Amino acid sequence: MKLRQTNLEKLASEDFDVLIVGGGINGAVSAACLAARGIRVALVDRGDFAGTTSQESSNLAWGGIKYMESFELGLVRKLCMARNRLIRAYPSTVQRIGFYLTHDRSFRKSRLLLWIGTWLYWLIGDGFLRRPRLLSVADMKEEEPIVNVSHADGGVEYDDAYLHDNDARFVWNFIRGALNHGGVAANYVEVTAATRAGDGTWSVAARDVLGGTPLTLRARIFLNACGPHVDALNAVLGTTTTHRHVLSKGIHLIVPRLTSSRRVLSFFADDGRLFFVIPMGPRTCIGTTDTRVDDPHVHVTAEDRRFVLENINSRLNLAKPLTEADIIAERCGVRPLAVSTEAAHGKASRDWMQLSRKHAIEVKDGTISIFGGKLTDCLNVGEEIYDEVTRLGVRARFPERKWYGEPPDEVKDEFFHQATLMDLDALTAESSSEPLSTRLWRRYGAEALGLLESIRQDPRQAELVIENAEYLRCEIEEAARREMVTKLDDFLRRRSKIALVVSNKVLKEAAGLKDACAILFGGEAEAKLDEYFATRKRDEAPRAAAD
Ligand SMILES: Cc1cc2nc3c(=O)[nH]c(=O)nc-3n(C[C@H](O)[C@H](O)[C@H](O)COP(=O)(O)OP(=O)(O)OC[C@H]3O[C@@H](n4cnc5c(N)ncnc54)[C@H](O)[C@@H]3O)c2cc1C
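Described below are features of the structure shown in this document.

Scoring rules and cut-offs
Residues numbered from 1 in each chain as written. Predicted model: local features only at pLDDT ≥ 70, side-chain atom pairs only at ≥ 80, totals over all residues. Heavy atoms only, no water. Patch = residues over 30% accessible without salt bridge, like charges linked within 9 Å, V, L, I, M, F, W, Y side chains within 5 Å. Areas by Shrake-Rupley, 256 points an atom, 1.4 Å probe, with all protein chains shown as cover. Salt bridge = Lys/Arg side-chain N within 4 Å of Asp/Glu carboxyl O. Lys, Arg positive; Asp, Glu negative; His and termini not counted. Charge placed at Lys NZ, Arg CZ, Asp CG, Glu CD. Helix = DSSP H or I, 4+ residues; strand = E, 2+ residues; numbered from the N terminus. Buried < 20%, exposed > 50% of the residue type's maximum accessible area, 1.4 Å probe, protein only. Phe/Tyr/Trp six-rings, centres within 6.5 Å; stacked < 30°, edge-to-face > 60°. Lys NZ or Arg CZ within 6 Å of the ring centre and 35° of its normal.

### Digging into a negative patch on the surface
A cluster of acidic residues, Asp409, Glu410, Asp413 and Glu414, forms a negative patch on the protein surface. Checked against the element boundaries, Asp413 lands in helix α12 (residues 409-421). Accessibility expressed as a relative area gives 52% for Asp413, which makes it exposed.

Put into structure tokens, the structure is as follows:
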């Protein structure tokens with residue numbers, strides 16, 4: 001909490017070059033890029049960082065193979081290059097994964113055409129990943145017996161990438177990067193109004209959502225990175241833009257692990273869209289849906305659940321069909337899709353599923369707005385924002401500074417060398433899905449060296465605190481000190497993915513949760529626990545009522 005308090009004080013007392021409103025992926029990469037290059041940047045979010053759309057994605061860094069069908073080859077090329085760049089920059093986090101696509105005999109395109117499409121996709125992506133494979137029914141029966149091939153004439157396997165940990169953790173690391181470079185950031189701070197003085201400086205009215213305290217922030221440029229709420233905030237500012245959003249709701253269900261293979265099983269769902277079975281550590285994530293909505297505040301409906309469960313049950317050979325009782329957690333969000341104002345009234349309503357997923361950046365009257373976009377394209381967004389900010393006259397002291405990526409190989413070698421010397425992997429818990437050193441490096445990068453030191457000083461720091469959750473005592477202390485965990489949900493759902501892989505019921509009874517809370521919140525631990533379970537109960541009430 002100390003980190004947040006210090007940042008709140010800086011927000012109120014300093015003048016900034018750029019104020020970023022919204023700490024999803026687009027705001028986070030902008031902050032990381034601007035701060036590393038020596039621009040004075042502040043970022044606020046009215047909830048937690050990545051607490052809205054950026055915690056609800058499919059966790060894929062992909063080249064957008066589905067846009068091949070609408071011949072958006074330029075977009076596919078751009079996304080493939082963005083994906084390749086992410087894999088190179090974050091080898092322990094963004095990893096290659098095979099997509100095992102089943103082809104139904106009745107599908108609108110032939111299997112051969114699909115195979116040609118995957119080859120074209122591979123070539124557009126510079127042949128960076130493995131070549132596609134044509135699969136016969138016999139191959140599929142042997143390699144993935146869980147796939148129901150009774151209506152299939154085979155399939156194809158092609159490569160893309162996924163985020164090993166979790167989208168929200170990926171976003172957090174950019175926020176942390178911005179803080180490391182002198183950026184100022186605070187969660188639970190809402191922007192409510194803004195006015196621009198004659199010299200162009202913004203005076204922005206904000207409110208600490210937790211205590212209700214009003215704040216005034218000052219900046220030369222106002223960056224609106226509110227995702228699906230960009231239009232609402234622009235309306236508050238009185239900024240009119242040529243782009244706006246239309247919203248597509250998507251859900252995922254997390255269920256017990258369905259297969260141990262490290263592949264994404266993919267299918268064409270009943271509505272013709274790609275549908276995935278994605279590995280998520282000890283669980284499986286299934287989805288998604290694509291429903292046009294007007295309101296960004298969405299929740300999973302009984303119909304959504306039915307759609308996902310029916311699709312999965314008919315496409316997999318399961319000993320027992322999945323039911324609502326198997327759902328461990330749910331994810332639900334809206335994709336903000338950028339359209340130009342005319343399209344929002346015309347094409348969008350006619351041809352909605354084919355809408356482009358390109359992002360757009362618009363500069364108007366001292367504001368910059370980011371429309372649409374994907375996690376995959378985040379490094380480009382960061383750099384485009386940097387270009388716009390400098391074009392508006394802000395000087396960067398370190399314009400060539402690299403602002404993203406894992407630490408250099410020498411740091412990595414040193415970490416693994418120290419870990420080997422202290423036999424760290426011997427401390428890996430039996431329930432763990434990977435060696436301890438691999439996990440610590442992926443989550444903390446260079447900071448993981450500090451964790452080794454804590455374990456050397458006190459071996460109890462290597463104890464697992466919460467049953468079934470891959471978190472050591474020293475990691476929770478790290479989270480308390482450096483990760484601006486303000487509510488328990490910030491830790492359980494976003495800095496970690498514990499709330500996604502451990503059901504609420506099990507979590508409630510988990511030995512160690514109280515200990516973890518005491519480390520995170522000290523004297524406020526009890527109140528934070530109560531707040532968390534009260535919110536979970538409220539969020540899950542509609543599902544309980546439908547049961
Ligand atoms: C179901 C689904 C699946 C997806 N799958 C993928 C995928 O696999 N790969 C991929 O690349 N992309 C995927 N996407 C797209 C991707 O998740 C989004 O494009 C991206 O997360 C949008 O990020 P953002 O920063 O623009 O918005 P957000 O993450 O929504 O962030 C905006 C932030 O602004 C804050 N805010 C709003 N108003 C205010 C205010 N007044 N004051 C302060 N803060 C405010 C909100 O609290 C929020 O945290 C998916 C999206 C969905 C919904």
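And the narrative resumes.
### Side note on the packing of aromatic side chains
For the structure on display, the rule yields 19 aromatic pairs. Judged by centre distance (5.6 Å) and plane angle (90 degrees), the rings of Phe99 and Phe276 are edge-to-face. Within this pair, whereas Phe99 is found in strand β4 (residues 94-104), its partner Phe276 is found in strand β13 (residues 274-280), the two being separated by 177 residues in sequence. Here Phe99 matches Phe276 in class, with each residue buried. Seen from their ring centres, Trp115 and Trp119 are 6.3 Å apart, and the 90 degrees between their planes marks the pair as edge-to-face. Taken together, the positions of Trp115 and Trp119, both in helix α4 (residues 111-124) and four residues apart, correspond to about one turn of that helix. Three or more aromatic residues joined by ring pairs form one cluster here, namely Trp62, Phe99, Tyr121, Tyr158 and Phe276. Here Lys402 stacks its cationic end above the ring of Tyr404, 5.0 Å away from the centre of that ring.

### Digging into the pattern of salt bridges
Under the definition given, this model contains 43 salt bridges. Among the salt bridges present, the one from Arg85 reaches Glu383, with a minimum N-O distance of 2.8 Å. Within this pair, whereas Arg85 is found in helix α3 (residues 73-89), its partner Glu383 is found in helix α11 (residues 378-391), the two being separated by 298 residues in sequence. A salt bridge links Asp290 to Arg273; the shortest N-O distance between them is 2.9 Å. Residue Asp290 is located in the loop between β14 (283-287) and β15 (291-293), and its partner Arg273 is located in the loop between β12 (263-268) and β13; the two are separated by 17 residues in the primary sequence. Taken individually, Asp290 and Arg273 each receive the classification buried, so the pair is uniform in this respect.

Interpretation in functional terms is not warranted from these geometric data alone.
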